[in-house]
Amino acid sequence: MMRTLGLILLLLALVAGIAWFVFGRGGSEPAPGAVIDSPWWDAQDRLVDVDGVTARVRVQGPDDAPVIVMIHGFSFSLESWDDWADALSADYRIVRMDLPGHGLTGPDPQARYSVPQTVDFLGGLMDAMDIDRATLVGNSLGGLVAWRYAADHGDRVEKLVLVAPGGFSINGVTEEPVDVPVGVRFYLTQGPQPVVAGATAALFGDPTRMDPDLPARVHGLMQGEGVGEALVERLEVFTLPDPEADLARVTVPALILWGGRDGMVPVDHAARFEAAMPDVQLVVHDDLGHIPHEEAPERTLEDVRAFLSEN
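Overview of the structure. (Residues numbered from 1 in each chain as written. Predicted model: local features only at pLDDT ≥ 70, side-chain atom pairs only at ≥ 80, totals over all residues. Heavy atoms only, no water.)

Topic: unusual backbone geometry
Positive phi values are uncommon outside glycine, yet Ala111 reaches one of about 55°. Position of Ala111 among the secondary structure elements: in the loop between strand S4 (93-97) and helix H3 (115-128). Overall, the relative accessible area of 37% leaves Ala111 in the partly exposed class. Here Asn171, not a glycine, exhibits a phi torsion of approximately 55°, which is positive. Mapping Asn171 onto the fold places it in the loop between strand S6 (157-163) and helix H5 (182-190). (Helix = DSSP H or I, 4+ residues; strand = E, 2+ residues; numbered from the N terminus. Buried < 20%, exposed > 50% of the residue type's maximum accessible area, 1.4 Å probe, protein only.)

Structure below.
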């Protein structure tokens, strides 16, 4: 009897170990209908395996409509696009995700956080969701990923909407990364909510336009298991090599939106993008900051709708 009980316990342990190996490490297909227990999980969310990363993805709009893929900025999440996504989903299939190391996607088990690896993630996500061709919309880091994907895969990109995109050197970052300051490490991994609120408000041209709930969400998602550390790891490998030759290869039509009060990526970079890209429209809103799509969604949507309606 004791021997039989021992065998049963051993089998249970083996089953539990296999389940942990297959499911707990994030390296397998998510179970159909799987959800994440989080106040930020939405009924429209799903989990999609992208080469071992279990990514949170939100899909809105008709299945047969033209696809728009939206890519958020550093330390943010797919909620950054709520206003634009809700407004455009009547006419487009909107797909947005939390990038690896962000939001409810959480850390990449293989720590693939460089810009080229994030570009690969975007392509892998499109493959996993059977998206052959899409308009890419990106802000800041997301804009950098979007245009770099378009430079190499123009056949899969209809148009680009770049909101204060990364590209040219800032903060001393060039083709080599820079050391991450101790204060930035603390902010990303342990920053208290009032500090996060202050830093988030600084992204607005007018902080009174900030959604009062935004800082709590940014802080809460940054506090997810391993997320802060992943954000630090991303900065440790973040590079901005001279982009002009690659920008010249972006031949799809592009709309660039910028805020004149952007304190993160200087607005004078806008003219440099315009000069380097073959087919671009530039719109600068003098009173807005680094996230114009959140600060003035209705106004900036007018720019986007006009651009998307052009043949």
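Next comes the rest of the write-up.
Considering the pattern of salt bridges
Going through the model one piece at a time under the given rule, you end up with 18 salt bridges. Note that Asp82 and Arg96 form a salt bridge whose closest N and O atoms lie 2.7 Å from each other. Pair noted here: Asp82 is in helix H2 (residues 82-88) and Arg96 is in strand S4, with a separation of 14 residues, a long-range link. A relative accessible area of 24% places Asp82 in the partly exposed class. The residue Arg185 makes a salt bridge to Glu236 at a minimum N-O spacing of 2.9 Å. Here Arg185, found in helix H5, pairs with Glu236, found in helix H8 (residues 227-236); they are 51 residues apart in sequence, far enough to count as distant. Here Arg185 falls in the partly exposed class, since its relative accessible area comes to 32%. The exposure class of Glu236 is partly exposed, given its relative accessible area of 35%. Each of Asp45, Arg56, Arg58, Glu79, Asp82, Arg96 and Asp98 takes part in one network of salt bridges that share partners. (Salt bridge = Lys/Arg side-chain N within 4 Å of Asp/Glu carboxyl O.)

Some remarks on the packing of helix H6 (residues 193-201) against helix H7 (residues 214-222)
At a minimum axis separation of 9 Å, H6 and H7 run at an interaxial angle of 120°. Between H6 and H7, the interaxial angle falls into the category oblique. The two elements H6 and H7 meet at a crossing, and its hand is right-handed. Two secondary-structure elements touch here, H6 through Gln193, Val196, Ala197 and Thr200 and H7 through Leu214, Pro215, Ala216, Val218 and His219. Taken together, the residues that form the contact of H6 with H7 break down as six nonpolar, three polar and no charged. (Axes fitted to C-alpha atoms, helices over the stretch in contact; angles between N-to-C directions. Parallel < 35°, antiparallel > 145°, perpendicular 65-115°, else oblique. Left-handed = near helix turned anticlockwise from the far one by under 90°. Contact = heavy atoms within 4.5 Å. Nonpolar A, V, L, I, M, F, W, Y, C, P; charged D, E, K, R; others polar.)

Side note on the sheet that holds strand S3 (residues 67-71)
Across a sheet, paired strands are connected by hydrogen bonds in the backbone, their directions being either parallel or antiparallel. Taken in spatial order, the eight strands line up as S1-S2-S4-S3-S5-S6-S7-S8 in an open sheet, and their pairing is mixed. With partners counted over all chains shown, the strands left at the sheet margins are strand S1 (45-50) and strand S8 (280-285), one partner each. Direction aside, the axes of adjacent strands within the sheet are offset by 20° on average. Here S1 pairs with strand S2 (residues 53-60) via six bridges, running antiparallel. By the bridge assignment, Asp45 is partnered in S2 with Arg58. Across the sheet, helix H4 (residues 141-152) touches S3, strand S5 (134-139) and S6, and the angle it forms with S6 is around 155°. (Pairing = 2+ DSSP bridges.)

With respect to the packing of aromatic side chains
Taken as a whole, this structure holds four aromatic pairs when the rule is applied. Geometrically, the ring pair formed by Phe168 and Phe273 is edge-to-face, given 5.3 Å between the ring centres and 90° between the ring planes. Taken together, the residues Phe168 in the loop between S6 and H5 and Phe273 in helix H10 (residues 269-276) connect sequence positions 105 residues apart. By relative accessible area, Phe168 is classed as buried at 3%. With relative accessibility at 0%, the residue Phe273 sits in the buried group. An aromatic cluster is built from Trp147, Phe168, Trp258 and Phe273, whose rings are joined through pairwise contacts. Cation over ring: Lys159 sits above Phe307, and NZ or CZ is 4.8 Å from the ring centre. (Phe/Tyr/Trp six-rings, centres within 6.5 Å; stacked < 30°, edge-to-face > 60°. Lys NZ or Arg CZ within 6 Å of the ring centre and 35° of its normal.)

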